[in-house]
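Coordinates in review
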Amino acid sequence: MSTISNHMPTAELQALDVAHHIHPFSTQEDLQKKGARVITSAKGVWLKDSEGEDVLDAMAGLWCVNIGYGREELAEAAFRQMKELPYYNTFFMTTHVPVIALAAKLAEMAPGDLNHVFFASSGSEANDTNIRLVRTYWQEKGKPEKKVIISRWNAYHGSSVASSSLGGMKGMHAQSGYIPDMHHIDQPNWWSEGGESTPEDFGLERAQQLEQAILEIGEDKVAAFIAEPVQGAGGVIIPPSTYWPEIQRICDKYEILLIADEVICGFGRTGNWFGSQTMGIKPDIMTIAKGLSSGYQPIGGSIVSDEVAAVIGATEFNHGYTYSGHPVACAVALENLRILEEEKIVDTLRDDTGPYLQEKFRSLAEHPMVGEAQIIGAMGSLALTPNKATRAPFKAETGTVGYMVRERCFANNLVMRHVGDRMIISPPLVITKAEIDILIERAWKSLDEGMANVK
Ligand code: PLP
């Protein structure tokens, strides 16, 4: 076979891709018909494709490239670490400097007494760890029957069998089964499900479903509640202000461990270091990944409280991945955190570019097809509707309008994602005001073109 490189014609690369590569969340038919876009390099918020087009990545990859693309310091950190110690594990009484340094750094950054980290290579693995952590915790406390974990419909917690069971994506459950002792309550999505309620009443009502579920299942059987501070893959759903305080009250009252899945919200995405700070909650466990290394290396983890660590520490935790605390991934994550801190990227987002992005993004609600533009920090969503007053969805036979708009964005060299008829953004946190203007201009144009196709 000839050498496959960036210099090959796009069509040849696409043909080889569809012949041999199984893509996540894509259909073979689409790949065959349209061919996957081949991304060849990237800098800042800009992707370059194999046709030489510059594409504004308003999704930071998969919500992860918080510091932007092309930071050579991270490549150098990986190179240095690979030369010194490319791999060693942390099983059976060994450790190494990068994992020690990263765990200590995360303990310093994480709020409250979240001072102990178990590492994984992804958010899915970290949430699998959480299932085992909370069950071990309750076993050690003499309550092995506390096993049930409560989550929400339309939550995303990963793609492994356990983490997808924890998540509330029905399509995923239908395809690969569902592990026992998981229970789902409804999401706080006021736009789609709030009916005539005010957002505040609706937020309270949805939070109180947690209490009802605990009472139905039995307090003595419920181990934990898990949720994303702001639902990401479900469509960037920012809960009403009444939601999280009520959830916290219920977790405290029934002594249910609270797991904040910060895989998207962590490391600045909501305008603070962690979404838990933005939402004013005190989790016992936090799931982290994505922004931890800005996606430059696969790394995730669970940060747990002093109390959880003390209980787990009383036994041998029979759990671990070959790449838990991988030295190269840890070195890259440390360099990423250094850049985020020293360049005040989170502060700039909170005080300067964030408010600008939010104002511009909210102006998209003036588009005739946009009912609501919700944004917090640098994660936002547009609810597309044929009727702003009733918040009605588009009819099924119209096709997914979100998909059509997403296709128009892609053609206009803007990566936005759609979840049904919600259009979402999550750009690199380093996006500039001039780039925000381009994002908004291309989004508006794509909405116009999408609307022209709605029958
Ligand atoms: N949790 C949340 C909130 C996520 O958004 C994701 C991925 O998008 C995951 C977990 C799974 O992370 P990974 O894809 O790294 O396994």
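Preceding this paragraph is the structure being described.
Within any chain, residue numbers begin from 1 and follow the written order of that chain's sequence. Only residues with pLDDT of at least 70 get local features here, since the model is predicted, and only at 80 or more are side-chain atom pairs given and counted; chain-wide, interface and lining totals rely on the full set of residues.

Below, the discussion takes up the sheet that holds strand β3 (residues 54-57). Any two strands are treated as partners once DSSP identifies two or more bridges connecting them. In this text, helices come from DSSP runs of H or I with a minimum length of four residues, and strands from runs of E with a minimum of two, each type numbered from the N-terminal end. As summarised here, the arrangement of the four strands in space is β1-β2-β3-β13, forming an open sheet in which the pairing is mixed. Every other strand in the sheet has two partners, leaving β1 (39-43) and β13 (414-415) as the edge strands with one partner each. Relative to β3, strand β2 (residues 46-49) runs antiparallel, the two being bridged by three bridges. From the neighbouring strand, Trp-46 faces β3, where its bridge partner is Leu-56.

Here helix α17 (residues 433-452) spans 29 Å end to end across 20 residues, near enough to the 28 Å set by a 1.5 Å rise per residue. Residues are called buried when their C-beta atom has 20 or more other C-beta atoms within 10 Å, exposed when it has 12 or fewer, and partly exposed otherwise; all C-beta atoms are positioned from the backbone. Taken together, the buried positions of α17 are Ile-436, Leu-439, Arg-442, Ala-443, Ser-446, Leu-447 and Gly-450. Along the long axis of α17, the arc covered by the buried residues comes to 145°, so they all point the same way. For α17, the exposed residues lying more than 90 degrees away from the buried face are Lys-433, Ala-434, Asp-437 and Ala-452. Residues are treated as contacting if the C-beta atoms built from their backbones sit within 7 Å of each other. Turning to α17, the residues buried within the fold contact β3, α15 (345-362), β11 (370-376), α16 (401-411) and β13. For a helix, the expected span equals 1.5 Å multiplied by the number of residues minus one. What the arc describes is the spread of directions from the helix axis to the C-beta atoms.

What follows covers helix α11 (residues 243-254). Working note: α-helix, 3.6 residues per turn, so residues spaced by three or four point in the same direction. Across its 12 residues, α11 extends 17 Å between first and last C-alpha, which sits within 8% of the 16 Å expected from 1.5 Å per residue. Those residues of α11 that sit buried are Tyr-243, Trp-244, Glu-246, Ile-247, Ile-250 and Cys-251. Projected down its long axis, α11 shows its buried positions confined to an angular sector of 160°, all on one face. Exposed and oriented more than 90 degrees from the buried face of α11 are Asp-252 and Lys-253. Elements in contact with the buried residues of α11: α10 (199-217), β7 (222-227), β8 (257-261) and α12 (275-279). Glu-255 sits one or two residues past α11 and shows a positive phi near 55°.

As a further point, take the sheet that holds β11. What the four strands build is an open sheet, ordered β11-β12-β15-β14; its pairing is antiparallel. Edge positions in the sheet fall to β11 and β14 (417-419), since each of these pairs with one other strand and no more. With strand direction ignored, the average angle separating the axes of adjacent strands in the sheet is 20°. Direction of pairing for strand β12 (residues 379-384) relative to strand β15 (residues 422-425): antiparallel, over a ladder of four bridges. The residue bridging Ser-381 from the neighbouring strand is Ile-424, located in β15. Fitted lines through C-alpha atoms serve as axes, helices being fitted only where they are in contact, and the angles separating the N-to-C directions of these axes extend from 0 to 180 degrees.

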